Amino acid sequence: MTQSVVVQVGQCGNQIGCCFWDLALREHAAVNQKGIYDEAISSFFRNVDTRVVGDGGNISKGKICSLKARAVLIDMEEGVVNEILQGPLRDVFDSKQLITDISGSGNNWAVGHKVFGRLYQEQILEKLRKSAEHCDCLQCFFIIHSMGGGTGSGLGTFLLKVLEDEFPEVYRFVTSIYPSGEDDVITSPYNSILAMKELNEHADCVLPIDNQSLFDIISKIDLMVNSGKLGTAIKPKSLVTSSAGALKKQHQKPFDAMNNIVANLLLNLTSSARFEGSLNMDLNEISMNLVPFPQLHYLVSSLTPLYTLADVNIPTRRLDQMFSDAFSKDHQLIRADPKHSLYLACALMVRGNVQVSDLRRNIERLKPSLQFISWNQEGWKTSLCSVPPVGHSHSLLALANNTCVKPTFMELRERFMRLYKKKAHLHHYLQIEGMEESCFMEAVSSLSTLIEEYNQLDATRSMPVEDLPRLSVAV
Amino acid sequence: MNLIQKEVEKCDCLSGFFIIMSMAGGTGSGLGAFVTQNLQDHYSNSLKMNQIIWPYGTGEVIVQNYNSILTLSHLYRSSDALLVHENDAVHKICAKLMNIKQISFTDINQVLAHQLGSVFQPTYSMEGSYHYRRNPLGELMENLVPHPEFKMLGIRNIPQMSENSLAYSTFTWAGLLKHLRQMLISNSKMEEGIDWQVRPPLSGLPTLGKVSLNRELHFNTSIANLVILRGKDVHSADLGGFKDPALYTSWLAPVNAFNVWKTQRAFSKYEKSAALVSNSQFLLKPLDTIVGKAWNMFASKAYIHQYTKFGIEEEDFLDSFTLLEQVVASYCNL
């Protein structure tokens, strides 16, 4: 089985990462009853004999001694990482896997990318190489960061180029948190657009997520929990937002619930690669099937169900509801309505007790209401993993390559232009060595090209579908 | 190849290889085609039959059409016969005939295994003989693949039903064979929903020249057929219906085109069962559909960069298309 390394950059990246590792440990604890270090665990964790000093001490088989996450934690201010190291997860991280600085990037992409990039390039490379060496077969880097800040956005995207040069054959999956309409960082449009250019050029696959959508999902769950409309109680642990065993009304830390959703996303994405199932889907298959053209690698994701009711019997109707929900705009992790836009490709990753006939029935049922591009009318990729997530009997992750990402990008560009026209806050960026106005112009034009590509695909919607003349052969 | 060699050395008399693979994925299709090529190079005297799984029409793998055309074109050059199992057809058998509510891949694979068993389990070598056929693979190939341009074989078998229904059914050879024959003629994939209106063209009339594929091909012309009968009173079965020259192309007489294998021993839980392996226009429509879809996708250049990254160029695609269009045209003009 293959291994993946998670690189969490910046405050947002590290907070999400923290939730991710917590959830990953819980998932493996639920599945792996005997405490044996198996291949499923090895995809994200190393088994280390902590008595050995120095680098040795990796144990490949047998009982679990001490699990260390395959992670690199990067932040230019110490607060978040220190908190992680003092919290319950401190033993999961190796102190050698951290890169920190003191003062942070000041919400400035240029500081993150140019200043800290240059300063820490060697260290970053070294830590990445180390983590890669610990893997038998490294398949994928998961980068978690936000687009609006300075470190996550600037240094996070600087990393992508480094990874591309150093590990060209390893996939780069980026989970990016895009700034919402009311974002607390004023310069977030600048940071995001500058980061977008890097994502366009150096990422294999990007999963855009925005805080507003996550918040809406949480509100929806809270409403259901509190309304008492449900006849039976909700199963504890089954909330996609739950971080501890019990059902909580007040969340411990702000953003905790939202981060858990993203953590669930990453776990479900990799579930088929880690656990067994009747129709496996590895990570390279995601990239292969969902990215028809290299620049169009932005995937809109949705997770269902958000909670499971406590009754054990799940009639087919509920299962079908799960599939329907995956396409509704309320369940998407970004503000988007895939049903009313054009699909280029769609992947359905199912976990739990679901069979191929249920899958096929639902695809047949939902297909008529969805628009697929003419040359990919049957653009479905499916996978079945037998192991469900903690607290659920089955779940579905839908990944769509759909033109509904276009409005997000257009809005971002508009917010950028509003600031840029007035040259507001520009001097903070331009005073950094290596930054010029042309950087901004290039970034906007890269985004505009991307938007234009989506436009062209959308334009084909209204055109009649023609079968092209086939090759004719002499008989 | 080392592993294969070890297995080969254990055999007294190797008749050939079965390569079981799917067409839609990456390993089965790509590596399977590669292995077949290697077998061709290293064991050129042995027969190779590829059992290929034809993917569901929708929803398995997005690039399944590309993978399929690349696989088929490569296999056509290096394999001796392609025995095709269609996921859609087997799925319907599970749903309609076997009455399985929640169909899993285990169910589908069981039906497939049953189909294969009904063909390749031992049969007597001759009428009245008690010796088993020595080389079923070789004889099957000899009977069914007279021309290298026509390698695509399909399987049909009856009866197929759930244990519960079996308790209430009785079978006669006449009934079974009548249904099987009509399944062949009307290109039906299973015993339900057979189109009884389809009839063979009246002999004496010249066969139609170039039939355009747009017209519904009602009648399924065969090159060669093999029927395998297992069960009680098998010697009383009348196979005259399969020897009708109207079923076959003009360049092969029924005495050569049609063969039958028999054994008294029943197979699985069926007192009487019949299987048909056919080299006919069974797979013409599915093949044409896949080539059409792959061509449409190819025209938009979608996903091509994923293949060129690993060394398959656009010309390789075009070669595959050319080869398969040729196959389609050949089968169309039977």
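Chain B appears in an unreviewed UniProt entry as Tubulin delta chain from Acinonyx jubatus. Per its UniProt entry, chain B bears the Subunit (unreviewed entry) comment "Found in a complex with TEDC1, TEDC2, TUBE1 and TUBD1." A UniProt comment under Sequence similarities (unreviewed entry) is attached to chain B, and it reads "Belongs to the tubulin family."

Going by the annotation in an unreviewed UniProt entry, the name recorded for chain A is Tubulin epsilon chain, with Acinonyx jubatus given as the source organism. UniProt lists a comment for chain A under the heading Sequence similarities (unreviewed entry), and it reads "Belongs to the tubulin family." UniProt, in its Subcellular location (unreviewed entry) section for chain A, records the words "Cytoplasm, Cytoskeleton".

### Structural notes on the overall build of chain B
Within chain B, the secondary structure is distributed over twelve helices and seven strands. At 20 Å, chain B has a C-alpha radius of gyration in line with the 20 Å of a compact globule built from 334 residues. Considered along the principal axes of its C-alpha atoms, chain B spans approximately 60 × 50 × 45 Å. Relative to its full complement of 334 residues, chain B shows a buried share of 55%. For chain B, the share of sequence-separated contacts (at least 6 apart) that also reach a separation of at least 24 residues comes to 80%.

### Some thoughts on the sheet that holds strand S2 (residues 47-54) of chain B
Residue and element names in this part refer to chain B. Pairing in this open sheet of seven strands is mixed, and the strands run S1-S2-S3-S4-S7-S5-S6 from one edge to the other. The open sheet is flanked by strand S1 (16-22) and strand S6 (258-263), the only strands paired with a single partner. On average, each strand axis in the sheet is tilted by 20° relative to the strand beside it, whichever way the strands run. The strands touched by helix H4 (residues 87-97) are S2 and strand S3 (81-86); relative to S3, the strand with the most contacts, the crossing angle is about 45°.

### Focus: the pairing of strand S12 (residues 380-385) of chain A
All names here are of chain A. Along S12, six of the six residues are buried, which leaves the element largely enclosed by surrounding structure. Burial of the side chains of S12 extends over both faces: Trp-380, Thr-382 and Leu-384 are buried on one face and Lys-381, Ser-383 and Cys-385 on the other. With six bridges joining them, strand S10 (residues 342-352) and S12 adopt parallel strand pairing. Considered in S12, the bridge of Val-350 is made with Leu-384.

### So, the sheet that holds strand S8 (residues 205-210) of chain A
Residues and elements named next belong to chain A. In spatial order, the strands read S5-S4-S1-S6-S7-S8; together these six strands make up an open sheet with parallel pairing. Strand pairing shows two members of the sheet lacking a second neighbour, strand S5 (98-100) and S8, which therefore form its edges. Between one strand and the next, the sheet's axes are offset by a mean angle of 15°, whatever the strand orientation. Relative to strand S6 (residues 138-146), strand S1 (residues 3-9) runs parallel, the two being bridged by six bridges. Residue pairing for S6: Gln-8 is matched across the bridge by Ile-144. The sheet strands contacting helix H6 (residues 188-202) are S6, strand S7 (171-178) and S8, and the helix crosses S7 at an angle near 155°.

### Comments concerning the side chain of Gln-160 of chain B
All names here are of chain B. Within the secondary structure layout, Gln-160 lies in the loop between strand S4 (152-158) and helix H7 (163-166). A polar contact is formed between the side chain of Gln-160 and the side chain of Asn-157, at a distance of 3.2 Å. Residues in contact with Gln-160, not counting those within four places in the same chain, are Ile-93, Leu-97, Met-98, Val-111, His-114, Gln-115, Glu-191 and Tyr-270.

### Describing the packing of H6 of chain A against helix H12 (residues 406-421) of chain A
All names here are of chain A. Between H6 and H12, the shortest axis-to-axis distance is 8 Å and the interhelical angle comes to 125°. Taken as axis vectors, H6 and H12 run oblique relative to one another. Note on packing geometry: the crossing formed by H6 with H12 is left-handed. Facing H6, whose interface residues are Ser-188, Pro-189, Tyr-190, Ser-192, Ile-193 and Met-196, H12 presents Phe-409, Leu-412, Arg-413, Arg-415, Phe-416, Leu-419 and Tyr-420.

### Notes on the environment of Ser-79 of chain B
Residues and elements named next belong to chain B. Checked against the element boundaries, Ser-79 lands in the loop between helix H3 (64-78) and S3. Considered as a pair, Ser-79 and Asn-50 are 29 residues apart in the sequence and their alpha carbons are 7.0 Å apart. When residues no more than four places from it in sequence are discounted, the contact partners of Ser-79 are Thr-36, Lys-48, Asn-50 and Lys-151. A distance of 3.2 Å separates a polar atom in the side chain of Ser-79 from the backbone oxygen of Ala-81.

### Concerning the interface of chain A and chain B
Listed per partner, the contact involves 38 residues of chain A and 37 residues of chain B. Together, the buried faces of chain A and chain B total about 3,300 Å²; carbon and sulfur atoms form 57% of this surface. Of all residues in chain A, Arg-360, Arg-470 and Leu-471 of chain A bury the most surface against chain B, accounting for 22% of the area lost on that side. Note that Glu-378 of chain A and Lys-293 of chain B form a salt bridge whose closest N and O atoms lie 3.3 Å from each other. Run the count over chain A and chain B and you get 16 residue pairs in polar contact (both at pLDDT 80 or more). Counting residues per element, the side of chain A that touches chain B draws most heavily on helix H11 (residues 356-366) of chain A, which supplies six residues.

### Some thoughts on the domain arrangement of chain B
All names here are of chain B. By the assigned domains, chain B splits into domain 1 (14-195 + 220-286) and domain 2 (287-333). For domain 1 and domain 2, the distance between their C-alpha centroids amounts to 26 Å. On the side of domain 2, 27 residues touch domain 1, which itself brings 27 residues to the contact. Summed over both partners, the interface of domain 1 with domain 2 buries about 2,400 Å², with 68% contributed by carbon and sulfur atoms. It is Tyr-66, Ile-69 and Leu-284 that lose the most area in domain 1 upon contact with domain 2, and together they represent 30% of the buried surface on that side. Connecting domain 1 to domain 2 are zero salt bridges. Our count for the contact surface shared by domain 1 and domain 2 stands at 19 residue pairs in polar contact (both at pLDDT 80 or more). Secondary structure elements with two or more residues in the side of domain 1 that touches domain 2: H3, strand S7 (272-280) and helix H10 (284-299). When residues of the side of domain 1 that touches domain 2 are assigned to their parent elements, the largest contribution, ten residues, is made by H3. Partitioned by chemical class, the residues of the side of domain 1 that touches domain 2 number 15 nonpolar, eight polar and four charged.

### Considerations on the packing of aromatic side chains
Evaluated as defined, the whole model comprises 37 aromatic pairs over all chains. The interplanar angle of 45° and the centroid separation of 6.3 Å between the aromatic rings of Phe-44 of chain A and Phe-142 of chain A together place this pair among those described as tilted. A residue pair is termed long-range when its members are at least 10 positions apart, and Phe-44 of chain A in the loop between helix H2 (39-42) and strand S2 (45-47) and Phe-142 of chain A in strand S6 qualify at 98 residues. Residue Phe-44 of chain A is classed as buried on the basis of its relative accessible area, which comes to 1%. Of the aromatic side chains, those joined through ring pairs into one cluster are Phe-20, Trp-21, Phe-44, Phe-45, Phe-93, Phe-142 and Phe-173 of chain A. A cation over a ring is seen here: Arg-156 of chain B above Phe-282 of chain B, with NZ or CZ 3.7 Å from the ring centre. Arg-230 of chain B extends its terminal NZ or CZ atom over the ring of Phe-267 of chain B, reaching a point 5.8 Å from the ring centre.

### Observations concerning the pairing of strand S4 (residues 71-75) of chain A
All names here are of chain A. The buried fraction of S4 is high, at five of five residues. In S4, alternate side chains face the same way, and those of Ala-71, Leu-73 and Asp-75 on one face and Val-72 and Ile-74 on the other are all buried. By the bridge criterion, three bridges tie S4 to S5 in an arrangement that is parallel. Note that in S5 the partner of Ile-74 across the bridge is Ile-99.

### Some details on the environment of Gly-25 of chain B
Tracing the sequence through the fold places Gly-25 of chain B in the loop between S1 and helix H2 (27-42). With 17 residues separating them in the primary sequence, Gly-25 of chain B and Val-8 of chain B have C-alpha atoms 27 Å apart.

About the cut-offs
Residues numbered from 1 in each chain as written. Chains lettered and ligands numbered in written order. Predicted model: local features only at pLDDT ≥ 70, side-chain atom pairs only at ≥ 80, totals over all residues. Heavy atoms only, no water. UniProt positions renumbered as here; feature names shortened; annotations may be inferred. Helix = DSSP H or I, 4+ residues; strand = E, 2+ residues; numbered from the N terminus. Rg over C-alpha atoms; globule rule 2.2 N^0.38 Å. Buried < 20%, exposed > 50% of the residue type's maximum accessible area, 1.4 Å probe, protein only. Contact = heavy atoms within 4.5 Å. Pairing = 2+ DSSP bridges. Axes fitted to C-alpha atoms, helices over the stretch in contact; angles between N-to-C directions. Polar contact = N/O pair within 3.5 Å; in protein donor to acceptor, adjacent residues only side chain to side chain. Parallel < 35°, antiparallel > 145°, perpendicular 65-115°, else oblique. Left-handed = near helix turned anticlockwise from the far one by under 90°. Buried area = accessible area lost by both parts, 1.4 Å probe. Salt bridge = Lys/Arg side-chain N within 4 Å of Asp/Glu carboxyl O. Domains from an automatic or database assignment. Nonpolar A, V, L, I, M, F, W, Y, C, P; charged D, E, K, R; others polar. Phe/Tyr/Trp six-rings, centres within 6.5 Å; stacked < 30°, edge-to-face > 60°. Lys NZ or Arg CZ within 6 Å of the ring centre and 35° of its normal.

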